[in-house]
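This is what each chain is made of:
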Amino acid sequence: LFPLRPSLAVLAAMVHEVREGVRERVFPGLVVLLSAGLTGVFVTGSNGINFQQISVDGRNAGGTAVTALGFVFNASSNINAQNISAANITGAGIQSARVASLTVNNFTVQNAGGPGIVVNQNSTANSFSNGTISNTGLTSAFGNGGGIQVVGFTGGATSASFNNITITGARAPVAAQA
């Protein structure tokens, strides 16, 4: 719930600036950076990116989880992520939406309010291997969330492979929806 409030405040400020006219050149960049700060690592519209040894810890200075999503891969292709971890996230640890060819190897997701991994919106050729998912699906707002959630949509295929993944403490270890 916490990330929703700042996101709505950023959205309200953006709508106001669009309606009244942007007065400062830095405002659009500020909106992007503030929104990305609530998400962890957000990759969209990218092709051929390699990530190595990146960690996202969603806690603020007081120790409260405030980051909504750990890693978001959206409308991208040929993404390779090695040795990544997401911890203390209020939503999903790793999310793939409309991504062709995502490879995630050696990963950890722990203490997430939503699923450890979500693959949806016509993502194809997504591969997750050698990972640990623990204490996920902690909030009921994420439906069947838990360890891994794969969601298909009408008109497009969603495909993913999962190899050598340990899931512990998940509310629902694996959920698939059409």
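Residues numbered from 1 in each chain as written. Predicted model: local features only at pLDDT ≥ 70, side-chain atom pairs only at ≥ 80, totals over all residues. Heavy atoms only, no water.

Colleague: Got a minute to help me understand unusual backbone geometry in this structure?
Modeller: The phi dihedral of glutamine 53 falls on the positive side, at around 50 degrees, and the residue is not glycine. Positionally, glutamine 53 belongs in strand 2 (residues 47-57). Positive phi, close to 60 degrees, is recorded for asparagine 106, a residue that is not glycine. Within the secondary structure, asparagine 106 sits in strand 6 (residues 100-112). (Helix = DSSP H or I, 4+ residues; strand = E, 2+ residues; numbered from the N terminus.)

Colleague: What is the right way to read the sheet that holds strand 6 from this model?
Modeller: What holds strands together in a sheet is hydrogen bonding between their backbones, with the strands either parallel or antiparallel. Pairing within the open sheet is parallel, and its five strands lie in the order 2-4-6-8-10. A strand with exactly one partner marks an edge of an open sheet, and here the two such strands are strand 2 and strand 10 (160-168). With strand direction ignored, the average angle separating the axes of adjacent strands in the sheet is 10 degrees. With eight bridges joining them, strand 8 (residues 124-134) and strand 10 adopt parallel strand pairing. Residue phenylalanine 128 lies in a different strand from strand 10, and its bridge partner there is phenylalanine 162. (Pairing = 2+ DSSP bridges. Axes fitted to C-alpha atoms, helices over the stretch in contact; angles between N-to-C directions.)

Colleague: Honestly, the nonpolar core in this entry has me stumped. Any pointers?
Modeller: Generally speaking, a soluble globular protein has its nonpolar side chains buried in company with each other. Ranked by internal contacts, the top residues of the largest apolar core, which has 21 residues, are Phe73, Ile94, Val104, Phe107, Ile117 and Phe128. Those elements giving two or more residues to this core turn out to be strand 2, strand 3 (71-74), strand 4 (77-89), strand 6, strand 7 (117-120) and strand 8. Other than its neighbours up to four places away in sequence, isoleucine 117 contacts Ile94, Phe107, Phe128, Ile133, Gly147, Ile148, Gln149 and Phe162. (Core = buried A, V, L, I, M, F, W, Y, C linked by side-chain atoms within 4.5 Å. Buried < 20%, exposed > 50% of the residue type's maximum accessible area, 1.4 Å probe, protein only. Contact = heavy atoms within 4.5 Å.)

Colleague: In this structure, what is going on with the pattern of salt bridges? I would like to understand it.
Modeller: Side chains that differ in sign of charge can pair as their charged atoms come close. One pass over the structure, following the stated rule, counts one salt bridge. The salt bridge involving aspartate 57 is made with arginine 59; its shortest N-O contact spans 2.6 Å. Its relative accessible area of 45% is what places arginine 59 among the partly exposed residues. (Salt bridge = Lys/Arg side-chain N within 4 Å of Asp/Glu carboxyl O.)

Colleague: Teacher, can you tell me more about a nonpolar patch on the surface here?
Modeller: A grouping of Leu8, Leu11, Met14, Val15 and Val18 is seen on the molecular surface, where their side chains present a nonpolar patch of about 430 Å² in accessible area. Take methionine 14: it is sitting in helix 1 (residues 4-20). The class of methionine 14 is partly exposed, set by a relative accessible area of 33%. (Patch = residues over 30% accessible without salt bridge, like charges linked within 9 Å, V, L, I, M, F, W, Y side chains within 5 Å. Areas by Shrake-Rupley, 256 points an atom, 1.4 Å probe, with all protein chains shown as cover.)

Colleague: Could you clarify how one ought to interpret the packing of aromatic side chains in this entry?
Modeller: The way to describe two aromatic rings as a pair is by their centre distance and the angle between their planes. Scanning the entire structure with this criterion turns up four aromatic pairs. Consider the rings of phenylalanine 71 and phenylalanine 73, whose centres lie 6.4 Å apart with planes at 10 degrees: the pair is stacked. In terms of burial, phenylalanine 71 and phenylalanine 73 fall into one category: buried. Here the aromatic rings of phenylalanine 107 and phenylalanine 128 are separated by 6.4 Å at their centres, their planes lie at 80 degrees, and the arrangement is edge-to-face. Of the two residues, phenylalanine 107 sits in strand 6 while phenylalanine 128 sits in strand 8, which places them 21 residues apart along the sequence. Under the relative-accessibility criterion, phenylalanine 128 is labelled buried at 0%. These aromatic residues form a ring-pair network of at least three members: Phe51, Phe71 and Phe73. (Phe/Tyr/Trp six-rings, centres within 6.5 Å; stacked < 30°, edge-to-face > 60°.)

Geometry only, nothing functional implied.
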